There are 2 protein chains.
Amino acid sequence: MRTTIKDVSIAAGVSIKTVSRVLNKEKYVKEETRKKVEEAVAALNFSPSLAARTLAGRRSFQIALLYDNHSPYYIHQIQDGVWGRCREQGVRLLAQPTDVDSATLAQDVGGLIDETHVDGVILSSPVTDAAPVLEELERRGIPFVRISPGTNHALTSSVFMDDVQAADDMTTHLINEGHRRIGFVVGHPNHMASDQRLFGYRRALDRAGVPFEPNLVRQGAFDFASGADAAETLLDLPEPPSAIFASNDDMAAGVLAVAHRRGIAVPDDLSVAGFDDTDLAQLVWPPLTTIRQPTRELAYTAASLLFAMGDGVEHRRLQHDLVVRSSTARRKGR
Amino acid sequence: MRTTIKDVSIAAGVSIKTVSRVLNKEKYVKEETRKKVEEAVAALNFSPSLAARTLAGRRSFQIALLYDNHSPYYIHQIQDGVWGRCREQGVRLLAQPTDVDSATLAQDVGGLIDETHVDGVILSSPVTDAAPVLEELERRGIPFVRISPGTNHALTSSVFMDDVQAADDMTTHLINEGHRRIGFVVGHPNHMASDQRLFGYRRALDRAGVPFEPNLVRQGAFDFASGADAAETLLDLPEPPSAIFASNDDMAAGVLAVAHRRGIAVPDDLSVAGFDDTDLAQLVWPPLTTIRQPTRELAYTAASLLFAMGDGVEHRRLQHDLVVRSSTARRKGR
DNA sequence: CTGTTAGCGCCTTCAA
DNA sequence: TTGAAGGCGCTAACAG
């Protein structure tokens, strides 16, 4: 038989309701009574049934994290960050893979909510921009927060990094290193961050008076293969770039691979820069110069926002770090 | 107001209990009645409350996955595999990070079980070998399955790959390529797989009549840094190895990094082999020759085992694949 | 094959 | 500041 609130109430010599009050940290419990109850809880090693609390109360002490991202590192950091905040809050986390292309997406999410009574939902890219999910969530009036959404920042609570500034910083860094022909690999078109990073790149070029060359910009898709493809094209140019800045680290890894295959020394003959979205940069070499994406912090903040919601729409913008890991970085001629 | 089983029963014109029967796929429901109920369920878009089912019944339709592993790729694959099986079963998955060094580990796990009423638990390394957890689980008689446990295979249900054979296969492959001095980087001492892989390495050497040299074996810890350290030592040997076989891919990546730093051409001057525990091998270059660890399949199988339990202890051993990705592999002199 | 009657363990509402 | 009664939505154990 499991230990119940009743056992605790008997052990503590109070009513069930009083134990409930202590469990829920309600006011109006005499300090002395509270103590007695807490001791009984500890002595019996009592953990209240979430199922019962959910059924009887208004909260389920559970939230869901929806994802459909194929970058394990990214998801892991997101989950880790959200988890950290949940832990502090005494809330369980339901990690829910989804398929944003599924026809039954909204229904699936609705079913999840009905089944689990989750108190809120956190959306990670690309679920952040799945209209059916957003509509379903809004229809039900269930609190949710989006991490790095691609669109509609203004409509809902969300957290994101400053992608424009990040790309600007990196480009400026490369320019300061002496580069004039800087290749750029654009991210997946579905992600607003892609546009923003491209914009940051152009803004930095403009400010420095470095002419923008459409030839040096290649479309990618945030994966290793597209980064490699882009690198091939860029390095085949009659006048190839002296640096390539990829919009994320998977693509940057692809660029490095091509450089290696061609016997191009990095960073001596080619500088490669990217984002550190996924910690991957720490595992590749030659070293990448990276913008650290504060993924874990974003996720943590998203959960904080969720728990604090009800006051209306909020946004949180987190700062990135420019991390120069290429120890042999040096000035380059054009 | 949420849709309840009662609404369905009214819509279908049957009793609540009958709806319940249909939901639980019980026998003894007339086909025609079942159909009526199913239509009502679909029409009302009804999803039963897990909290209520848990409270009233014997099952919670939830299982937990306990992990404390710092390899995102590994966890992701595990979670993915378990998830896939859960989905088929209509079971929710609670992903639960733990701290195997925590003093309150058993209590934490116990609390989780009390709170959530999970029907079973899946343990991934290194939680697989946390004695307090195993004891707690056994004491409660809750079904659990261990994925790639490090110890005590015989005591509990578990799934694992054939590490001895895998390491043997790889070593044999290297020998067949002409290598005679093969460095080996041992995995973390806490993992039984480390011993087994070392054993497989030795077995292959013995069978081929290649003398075992203790100098060529270095202790690692399954991380990038220890792989790099081991490589430094091995390559500093008066007579360095022509191939290095690392017990996992993080360490293999470390070996590659050192080779690169020293200007050693891979695979021309040095072959590097490893396991593909984490898909990392696909992101590094020069290419690694790898043993594919069937992580996702292991996890899926673990969940299957869990759902099929009650028949006693079972074990499942899954086959690995030897994946030769070094396209320029060639015979080497000693 | 189907329905009835009790709870599951906790929170809510109300009263004291 | 505390307690008593009622019910959340569902399933178990029976009865028909």
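Right above here is the structure, for reference.
Residues numbered from 1 in each chain as written. Chains lettered and ligands numbered in written order. Predicted model: local features only at pLDDT ≥ 70, side-chain atom pairs only at ≥ 80, totals over all residues. Heavy atoms only, no water.

**Q** Please clarify how the protein's contact with DNA strand D should be interpreted in this entry.
**A** Around DNA strand D sit 27 residues, and of these Thr18, Lys30 and Thr33 of chain A together with Ile5 and Ser20 of chain B come closest. Sugar and phosphate atoms represent 66% of those atoms of DNA strand D found within 4 Å of the protein. The backbone of Ile5 of chain B places a nitrogen or oxygen atom 2.3 Å from a phosphate oxygen of DNA strand D. At a separation of 2.9 Å, a phosphate oxygen of DNA strand D approaches a polar side-chain atom of Arg58 of chain B. Contributions of two or more residues to the surface near DNA strand D are made by α2 (16–23) and α4 (50–56) of chain A together with α2 (16–23) and α4 (50–56) of chain B. Per element, the largest residue contribution to the surface near DNA strand D is four residues, and it comes from α4 of chain B. Here the residues of the surface near DNA strand D are counted per class, giving 12 nonpolar, eight polar and seven charged. (Near = heavy atom within 4 Å. Polar contact = N/O pair within 3.5 Å; in protein donor to acceptor, adjacent residues only side chain to side chain. Helix = DSSP H or I, 4+ residues; strand = E, 2+ residues; numbered from the N terminus. Nonpolar A, V, L, I, M, F, W, Y, C, P; charged D, E, K, R; others polar.)

**Q** I keep staring at the relation of the copies chain B and chain A and nothing clicks. Help me out?
**A** Copies of the same chain, two in number, are related to each other by a rotation about an axis and a translation along it. The transformation that overlays chain B on chain A combines an axial shift of 0.0 Å with a rotation of 180°, and the residual RMSD is 0.1 Å. What we have between these two chains is a two-fold relation. The position closest to the rotation axis in chain B is occupied by the C-alpha of Ala51 of chain B, lying 2.1 Å away. Comparing interface residues between copies, 100% of those in chain B also sit at the interface in chain A, which points to an isologous, same-surface contact. (Least-squares fit on C-alpha atoms with pLDDT ≥ 70 in both. Contact = heavy atoms within 4.5 Å.)

**Q** Is there a simple way to explain the pairing of strand β5 (residues 158–161) of chain B in this structure?
**A** All names here are of chain B. In β5, alternate side chains face the same way, and those of Ser158 and Phe160 on one face and Val159 and Met161 on the other are all buried. Pairing of strand β4 (residues 144–147) with β5 involves two bridges; the strand directions are parallel. The partner of Arg146 across the bridge, within β5, is Ser158. (Buried < 20%, exposed > 50% of the residue type's maximum accessible area, 1.4 Å probe, protein only. Pairing = 2+ DSSP bridges.)

**Q** Looking at this model, I keep getting lost on the protein's contact with DNA strand C. Mind explaining?
**A** Near DNA strand C lie 26 residues; those nearest to it are Ile5, Lys17 and Ser20 of chain A together with Thr18 and Thr33 of chain B. Looking at DNA strand C alone, sugar and phosphate atoms form 65% of those within 4 Å of the protein. Contact between DNA strand C and Arg53 of chain A: a phosphate oxygen at 2.9 Å from a side-chain N or O atom of the residue. Between Thr18 of chain B and DNA strand C, the recorded distance is 2.5 Å, taken from a side-chain N or O atom to a phosphate oxygen. With four residues, α4 of chain A is the largest single contributor of residues to the surface near DNA strand C. Residue classes in the surface near DNA strand C are distributed as 11 nonpolar, eight polar and seven charged.

**Q** How should I be thinking about the environment of Ile16 of chain B in this particular structure?
**A** Residue and element names in this part refer to chain B. Relative to the elements of secondary structure, Ile16 occurs in helix α2. In the structure, Ile16 is positioned 12 residues away from Thr4 in sequence and 9.7 Å away in space, judged by C-alpha atoms. Beyond its immediate chain neighbours, meaning those up to four positions away, Ile16 contacts Ile5, Lys6 and Ser9.

**Q** Before we go on, may I ask you to explain the interface of chain B and chain A in this structure?
**A** Interface extent is often summarised as the accessible area lost during association of the parts. Taken together, the 42 residues of chain B in the interface contact 42 residues of chain A. Summed over both partners, the interface of chain B with chain A buries about 4,000 Å², with 60% contributed by carbon and sulfur atoms. Across the contact surface, chain B and chain A share two salt bridges. In this structure, Arg92 of chain B engages Glu115 of chain A in a salt bridge whose closest nitrogen and oxygen atoms are separated by 3.0 Å. Taken together, chain B and chain A are joined by 13 residue pairs in polar contact (both at pLDDT 80 or more). Among the secondary structure elements, those contributing two or more residues to the side of chain B that touches chain A are α4, β1 (62–67), α5 (72–89), β2 (92–97), α6 (105–116) and α11 (249–261) of chain B. Its residues assigned to classes, the side of chain B that touches chain A comprises 24 nonpolar, 14 polar and four charged. (Buried area = accessible area lost by both parts, 1.4 Å probe. Salt bridge = Lys/Arg side-chain N within 4 Å of Asp/Glu carboxyl O.)

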